[in-house]
Protein chains: 2
Amino acid sequence: MDDRVREHAETLVGWSARIEPGDDVVVDVAEGAHELAVAVAERLGEVGANMTLTYGSDEVTRAYLRAHDGEFGTAAGELALFERADAYLRLGGGRNTAATADVESGTRQAYRSARTDLREARMNTDWVSTVHPTRSLAQGAGMAYEAYREFVYDAVLRDWEALAGKMARVKELLDSGEAVRIVTEREDRPSTDVRMSIAGRTAVNSAASVVYDSHNLPSGEVFTAPYDATGQVFFDVPMTVDGRRVRNVRLVFEDGEVVEFDAEAGAEAIESVLDTDAGARRLGELGLGMNRRIDRFTDNILFDEKMGDTAHLALGRAYDANLPEGESGNESAVHVDLITDLSAGSRIEIDGETIQRNGTFRFEDGFEPRG
Amino acid sequence: MDDRVREHAETLVGWSARIEPGDDVVVDVAEGAHELAVAVAERLGEVGANMTLTYGSDEVTRAYLRAHDGEFGTAAGELALFERADAYLRLGGGRNTAATADVESGTRQAYRSARTDLREARMNTDWVSTVHPTRSLAQGAGMAYEAYREFVYDAVLRDWEALAGKMARVKELLDSGEAVRIVTEREDRPSTDVRMSIAGRTAVNSAASVVYDSHNLPSGEVFTAPYDATGQVFFDVPMTVDGRRVRNVRLVFEDGEVVEFDAEAGAEAIESVLDTDAGARRLGELGLGMNRRIDRFTDNILFDEKMGDTAHLALGRAYDANLPEGESGNESAVHVDLITDLSAGSRIEIDGETIQRNGTFRFEDGFEPRG
């Protein structure tokens, strides 16, 4: 086994999920993640945790969904499994990122809605989502397999404590601010000028560990839960939403809701997201990508949204970690991230002060106070 | 997909497990059983059952067991998953039948004992165990892959109702009898002459369906729960026990307990089984193999014990289905089957009457009343 697979497992179990002896850990293994599962099992055995393995197969799910009449139930036992788990480790990495492309969007939505309780129960554990680099993901990224593996381990195996220190400064800026404005002006694409409130919300320093309320490995972003968005956003980073390509999406917000949208590709996918429920038309997240080891778009949200010099906004569900204890934010069965490139012609303002220009924060070398 | 994979799934979900709309079904998918899992998911979707997938990987289990200190716990959530399930479908078929060969037997035993409750909970569901034909199983059987697939589907895809009718006659003989004697005398191997009581026990007509209290696909055996065994048995069909080869085992029983044993190969594996607990030295099962489509030894207990013209005895746990309501039989953390060939030089007597000679039952053509 490649040493990096073992290091990945160590980072996941130790740094990210903080697994302790006797913890009940559910490990979800995707079709192509077997090797990482072996390494994770070794670490869980060393720690003395209890391990339950589930199988996360897009192909099996597709067969089930296509055959089903759409009146989905949920299994009480599966709910109990997650309700009683201390941690849930999702090892992604399939064999075909388009495996569920021919499942009707109505069926997807019904299935997703039926599984809301399961999802909530998982999110109440110390959950962490990661991926094992597979050939399918390499292909999705437009990269050779070996080069893709380098890319993944560069992003995953890093000094998380050091990055956490840097991201803490961005968290401070967001926590002490009330209003965010994002502006991009580039001749070759529609502009962005959007304002949103973040008053009363707490940003998460997402340093790839549950002790930071951060549940992705890799991570490397600072995110909060905005509301009352007004203005236009142009998302120039391509995406795959529900197995469908989405490109150059433009959203117009009024009083916090999407009132107008278009897209160069995948408009139906966006429409289907927006129609899921009332919360799907409102924002659940504003995130600033700060993992500069992720230096290219690879068509995988786990990486793309953490890319250095980007921002993303998510339609749908807000994370509780951004809200005062006991309060809940925007609710929805979906959480769909869309990303915009900030590396040129851009600025972020908090309460009128520019805190980032062209991707460079004001506490970093090379920051230009004026455009 | 090969049509036979779909037929296999239909037989499993329909005939064997009798899945109904709304049933909560846990499907355990072995490393090599993905294709069968896709077909099973399709059937479960058609029926409208709820599906939870677990991953049954010998390689992952090996890594966990070898790293663990041996003080195993169990996850409350995993127990709840099985306690609340209506059915459990185990899709076997790995990539290496020797994958756990280097796990210490003490560790195996400790793990098995720690998981007793989980096993009991699974056995309280409408559980069915089957295998997808993999190259690893073909290799274990000493067969080419295509030939092995023919063998598996011949054994699985048959007219189960017709076989059930024939096996019912053997069940009647066992249910109305009190004492069984099995004798084999062949010049080239040690003899068998063992007597055991079956008074008060009920035989199971194991026709590969939960409605017959039968939990294997394929099946094709009639089994009961004997006690008070006395005498010697020679098991000439080879076996793999806990990943180790076992051949030509001789057990001597006195007052229902094994008091002496030897084996040409795998004596330590047998010793480790016998030392598990008190019940491991007593019998849990007597089975008569009646699936004549299984016409060769393939080193897989699911098939071997159902081979036509064989009998098997299991050390360890008895099945509740053989016992009067509310009573429990021999208890143990193990259930290990050992098989003897009856095709020549053999007879089975019930209460002094010969009911089978050389594999042929007395209600079949070619039965010879006298040897």
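Just so it is clear, the structure is predicted and the values come from calculations on it, not from any experiment.

Asker: So what exactly am I meant to see when it comes to the overall build of chain A here?
Answerer: Check the secondary structure of chain A and you find 11 helices and 19 strands. Expected size for 371 residues packed as a compact globule is a radius of gyration near 21 Å; at 20 Å, chain A falls within 12% of this value. With the C-alpha coordinates of chain A rotated into their principal frame, the extents come out at 55 × 45 × 45 Å. The buried share among the 371 residues of chain A stands at 58%. Of all intrachain contacts in chain A linking residues separated by at least 6 positions in sequence, the fraction that spans at least 24 positions is 72%. Counting every atom, chain A has about 14500 Å² of accessible surface; 40% of that belongs to carbon and sulfur. The positive charge centre, built from 40 side chains, and the negative charge centre, built from 69, are 3 Å apart in chain A.

Asker: What should I look at first to understand the packing of helix 1 (residues 3-16) of chain A against helix 8 (residues 145-156) of chain A in this one?
Answerer: Two numbers describe a pair of packed helices, the interaxial angle and the distance between the axes. All names here are of chain A. Where helix 1 meets helix 8, the axes come as close as 11 Å, and the angle between the chain directions of the two elements is 30°. Looking at the two axes, helix 1 sits roughly parallel to helix 8. Along this stretch, helix 1 crosses helix 8, giving a crossing that reads as left-handed. Residues Arg4, Val5, His8 and Thr11 of helix 1 lie in contact with helix 8, whose contacting residues are Glu146, Arg149, Glu150, Tyr153 and Val156. For the contact of helix 1 with helix 8, the residue count by class is 3 nonpolar, 2 polar and 4 charged.

Asker: Would you take a moment to explain the sheet that holds strand 9 (residues 221-224) of chain A for this structure?
Answerer: Neighbouring strands of a sheet are bound in pairs by backbone hydrogen bonds; such pairs are parallel or else antiparallel. All names here are of chain A. Sheet architecture is open: 5 strands sit in the order 7-9-14-15-16, paired in antiparallel fashion. Of all strands in the sheet, those bounded by a partner on one side alone are strand 7 (204-206) and strand 16 (335-341). Taken over all neighbouring pairs, the strand axes of this sheet differ in orientation by 25° on average, direction set aside. Two strands pair when backbone bridges link them, and strand 15 (residues 310-316) and strand 16 are joined in this way by 7 bridges, in the antiparallel orientation.

Asker: Got a minute to help me understand the pairing of strand 2 (residues 50-56) of chain A in this structure?
Answerer: Regular strands have side chains that alternate between both faces of the sheet. All names here are of chain A. Of all the 7 residues making up strand 2, 6 are buried; the element is thus mostly covered by neighbouring parts of the structure. Pairing analysis gives 7 bridges linking strand 1 (residues 24-30) to strand 2, with the strands arranged parallel. Each bridged residue has a counterpart across the sheet, and for Val25 the counterpart in strand 2 is Met51.

Asker: I'm lost on the sheet that holds strand 15 (residues 335-341) of chain B in this one. Help?
Answerer: All names here are of chain B. Spatially, the 5 strands line up as an open sheet ordered 7-8-13-14-15, and their pairing is antiparallel. The sheet is open, and its two edges are formed by strand 7 (204-206) and strand 15, each paired on a single side. On average, each strand axis in the sheet is inclined to that of its neighbour by 25°, with strand direction left out of account. By the bridge criterion, 6 bridges tie strand 13 (residues 283-289) to strand 14 (residues 310-316) in an arrangement that is antiparallel. Residue pairing across strands places Gly289 opposite Thr310, the latter belonging to strand 14.

Asker: Hey, could you run me through the packing of aromatic side chains in this one?
Answerer: To describe a pair of aromatic rings, one takes the distance between the centres and the angle between the planes. Residues and elements named next belong to chain A. This structure, assessed with the given rule, holds 19 aromatic pairs over all chains. Plain terms: the ring middles of Phe151 and Phe303 are 5.4 Å apart, the flat faces sit at 40° to each other, and that makes the pair tilted. One end of the pair, Phe151, is in helix 8; the other, Phe303, is in helix 11 (residues 301-304), and 152 residues separate them in sequence. The two residues Phe151 and Phe303 agree in class, both being buried. Grouping aromatic residues by their ring pairs yields a cluster made of Tyr64, Phe72 and Tyr111.

Asker: Just checking my understanding: could you explain helix 6 (residues 116-123) of chain A for this structure?
Answerer: The periodicity of an α-helix, 3.6 residues per turn, causes residues three or four places apart in sequence to face the same way. All names here are of chain A. All of the buried residues along helix 6 are Leu118, Ala121 and Arg122. Down the axis of helix 6, the sector holding all buried residues measures 100°, keeping them to one side. Residues of helix 6 that are buried make contact with helix 4 (76-83), strand 3 (87-92) and strand 4 (126-131).

Asker: Would you mind going over the relation of the copies chain B and chain A with me for this structure?
Answerer: When chain B is brought onto chain A, the operation consists of a screw motion whose angular component is 180° and whose axial shift is 0.0 Å, with 0.0 Å RMSD remaining. This pairing of chains is accounted for by a two-fold axis. By C-alpha distance to the rotation axis, the residue of chain B lying nearest is Thr54 of chain B, at 1.9 Å. Comparing contact sets, 100% of the residues at the interface of chain B also lie at the interface in chain A, consistent with an isologous, same-surface contact.

Asker: I keep staring at helix 10 (residues 267-274) of chain B and nothing clicks. Help me out?
Answerer: Residues Ala269, Ile270, Ser272, Val273 and Leu274 of chain B constitute the buried set of helix 10 of chain B. Those residues of helix 10 of chain B hidden inside the fold are in contact with helix 5 (105-114), strand 10 (239-241), strand 11 (244-254), strand 12 (257-265), strand 14 and strand 15 of chain B.

Asker: Looking at this structure, how should I read the pairing of strand 17 (residues 346-350) of chain A?
Answerer: Residue and element names in this part refer to chain A. Most of strand 17 sits out of view: 4 of its 5 residues are buried. Summarising the sheet, strand 5 (residues 179-184) and strand 17 pair through 5 bridges and their orientation is antiparallel. Note that in strand 17 the partner of Arg181 across the bridge is Glu349. As paired elements, strand 17 and strand 18 (residues 353-357) share 4 bridges and run antiparallel to each other. Bridge pairing links Ile348 to Gln356 in strand 18. Linkage of strand 17 to strand 18, two consecutive antiparallel strands, is achieved through a turn of 2 residues, within which Asp351 is found at a positive phi near 50°.

Asker: Looking at this model, I keep getting lost on the domain arrangement of chain A. Mind explaining?
Answerer: How big an interface is tends to be reported as the loss of accessible area on association of its parts. All names here are of chain A. Domain boundaries in chain A define domain 1 (3-156) and domain 2 (160-361). For domain 1 and domain 2, the distance between their C-alpha centres works out to 23 Å. Counting the surface lost from both domain 1 and domain 2, the interface buries some 2800 Å², and carbon and sulfur atoms represent 57% of this. Along the contact surface separating domain 1 from domain 2 lie 1 salt bridge. A salt bridge links Arg317 to Glu120, with the shortest nitrogen-to-oxygen separation between them at 2.8 Å.

Asker: Where do I start with the interface of chain B and chain A in this structure?
Answerer: Facing 37 residues of chain B, the contacting portion of chain A comprises 37 residues. Both faces combined, the contact of chain B with chain A buries some 3200 Å², and carbon together with sulfur accounts for 64% of it. Remark: the boundary between chain B and chain A carries 0 salt bridges. Looking at the side of chain B that touches chain A, the elements with two or more residues in it are strand 1 (24-30), helix 2 (34-47), strand 2 (50-56), helix 3 (58-67) and helix 4 (76-83) of chain B. Per-element accounting of the side of chain B that touches chain A gives the leading share, 8 residues, to helix 2 of chain B. Within the side of chain B that touches chain A, the residues separate by chemical class into 17 nonpolar, 11 polar and 9 charged.

Asker: Could you clarify how one ought to interpret the UniProt feature "domain: FHA" (unreviewed entry) in chain A in this entry?
Answerer: In the UniProt entry, the feature "domain: FHA" (unreviewed entry) is given for residues 313-361 of chain A. Annotation note: span residues 313-361 of chain A, helix share 0%, strand share 47%, distance between end C-alpha atoms 19 Å.

The rules we used
- Residues numbered from 1 in each chain as written.
- Chains lettered and ligands numbered in written order.
- Predicted model: local features only at pLDDT ≥ 70, side-chain atom pairs only at ≥ 80, totals over all residues.
- Heavy atoms only, no water.
- Helix = DSSP H or I, 4+ residues; strand = E, 2+ residues; numbered from the N terminus.
- Rg over C-alpha atoms; globule rule 2.2 N^0.38 Å.
- Buried < 20%, exposed > 50% of the residue type's maximum accessible area, 1.4 Å probe, protein only.
- Contact = heavy atoms within 4.5 Å.
- Areas by Shrake-Rupley, 256 points an atom, 1.4 Å probe, with all protein chains shown as cover.
- Lys, Arg positive; Asp, Glu negative; His and termini not counted.
- Charge placed at Lys NZ, Arg CZ, Asp CG, Glu CD.
- Axes fitted to C-alpha atoms, helices over the stretch in contact; angles between N-to-C directions.
- Parallel < 35°, antiparallel > 145°, perpendicular 65-115°, else oblique.
- Left-handed = near helix turned anticlockwise from the far one by under 90°.
- Nonpolar A, V, L, I, M, F, W, Y, C, P; charged D, E, K, R; others polar.
- Pairing = 2+ DSSP bridges.
- Phe/Tyr/Trp six-rings, centres within 6.5 Å; stacked < 30°, edge-to-face > 60°.
- Arc of directions from axis to C-beta.
- Least-squares fit on C-alpha atoms with pLDDT ≥ 70 in both.
- Domains from an automatic or database assignment.
- Buried area = accessible area lost by both parts, 1.4 Å probe.
- Salt bridge = Lys/Arg side-chain N within 4 Å of Asp/Glu carboxyl O.
- UniProt positions renumbered as here; feature names shortened; annotations may be inferred.

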